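Below, each chain spelled out in residue letters.
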Amino acid sequence: LMNNTVINKRNKSASMMTVNMISSIVMLTAAQNNIQFKEYMPMTVKKRFTGTGKADKEQMIIIAMKKYKLRKRPIEHIADAIGIAETLLFDYINR
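Predicted model, so just to flag it, every value in this text is computed and none were measured.

## Description of a nonpolar patch on the surface
The grouping of Leu89, Tyr92 and Ile93 at the surface amounts to a nonpolar patch, some 350 Å² of accessible area in total. Its place among the elements puts Ile93 in helix 4 (residues 76–93). Take Ile93: its relative accessible area is 58%, and that puts it in the exposed class.

## Remarks on the environment of Asp80
Counting through the fold element by element, Asp80 comes out in helix 4. Classification of Asp80 by relative accessible area gives buried; the value is 12%. Put simply, Asp80 and Met60 are 20 residues apart on the chain and 6.9 Å apart in space, counted from C-alpha to C-alpha. Those residues within four positions of Asp80 in sequence are excluded, and the remaining contacts are Lys57 and Met60.

## Thoughts on unusual backbone geometry
Look at Asn34: it is not a glycine, yet its phi comes out positive at around 55 degrees. Take Asn34: it is sitting in the loop between helix 1 (12–32) and strand 2 (39–40). The exposure class assigned to Asn34 is exposed, which follows from its relative accessible area of 76%. Within the chain, Lys69 stands out as a residue other than glycine whose phi angle is a positive 50 degrees. Residue class for Lys69 comes out exposed when judged on its relative accessible area of 71%.

## Considerations on the environment of Ala85
In this structure, Ala85 sits in helix 4. Between the alpha carbons of Ala85 and Phe49 there is a distance of 9.5 Å; along the sequence they are 36 residues apart.

## Thoughts on the nonpolar core
Counting eight residues, the largest nonpolar core is built from Tyr40, Val45, Phe49, Met60, Ile61, Ala64, Ala79 and Ile84. Mapped onto this core, the elements with two or more residues apiece are helix 2 (42–50), helix 3 (57–67) and helix 4. Tallying contributions element by element places helix 3 first for this core, with three residues. Not counting chain neighbours up to four residues away, the residues in contact with Ala79 comprise Phe49, Met60, Ile61 and Ala64.

Definitions and cut-offs
- Numbers given for residues are sequential positions, taken from 1 along each chain in its written order.
- It should be noted that, the model being predicted, local features are given only for residues of pLDDT at least 70 and side-chain atom pairs only at 80 or more, the latter also being counted only at that level, while totals for whole chains, interfaces and linings use all residues.
- Each side-chain value is derived from all of the structure's non-hydrogen atoms; neither hydrogens nor water enter the calculation.
- Patches draw on residues past 30% relative accessible area with no salt bridge. Two like charges within 9 Å are joined, as are two nonpolar side chains (Val, Leu, Ile, Met, Phe, Trp, Tyr) within 5 Å.
- To measure how exposed things are, a 1.4 Å probe is used in the Shrake-Rupley method; for residues, cover is taken only from the protein chains shown.
- Note on definitions: salt bridges are taken to be side-chain nitrogens of Lys or Arg within 4 Å of carboxyl oxygens of Asp or Glu.
- Only DSSP runs of H or I reaching four residues or more are called helices, and only runs of E reaching two or more are called strands; each is numbered from the N terminus.
- Burial classification: accessible surface area is computed with a 1.4 Å probe over protein chains only, and a residue below 20% of its type maximum counts as buried, one above 50% as exposed, and the rest as partly exposed.
- By definition, residues are in contact when any of their heavy atoms lie within 4.5 Å.
- Side-chain atoms within 4.5 Å are what join buried Ala, Val, Leu, Ile, Met, Phe, Trp, Tyr and Cys residues into a set we call a nonpolar core.

This is the structure in structure tokens:
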């Protein structure tokens, strides 16, 4: 499961190359080990998790805290991971 994201906005071509290389390694490793691979665009995850595809990092964190009654503020990567997991679960249930 991967969230397809461009990392570096200044040097998009280098970032895209890095993301593509990492994606390829993950897909190859998954295939070699008979592991199902699923990739989501950030807008899809944000739409499923927050209700809007244009949610920012702060909105993702707020929704994660509300949905899961978190006492401690999660780092943005944790909120993203929760959103990705929910998106995968939604797709699994509705296939």
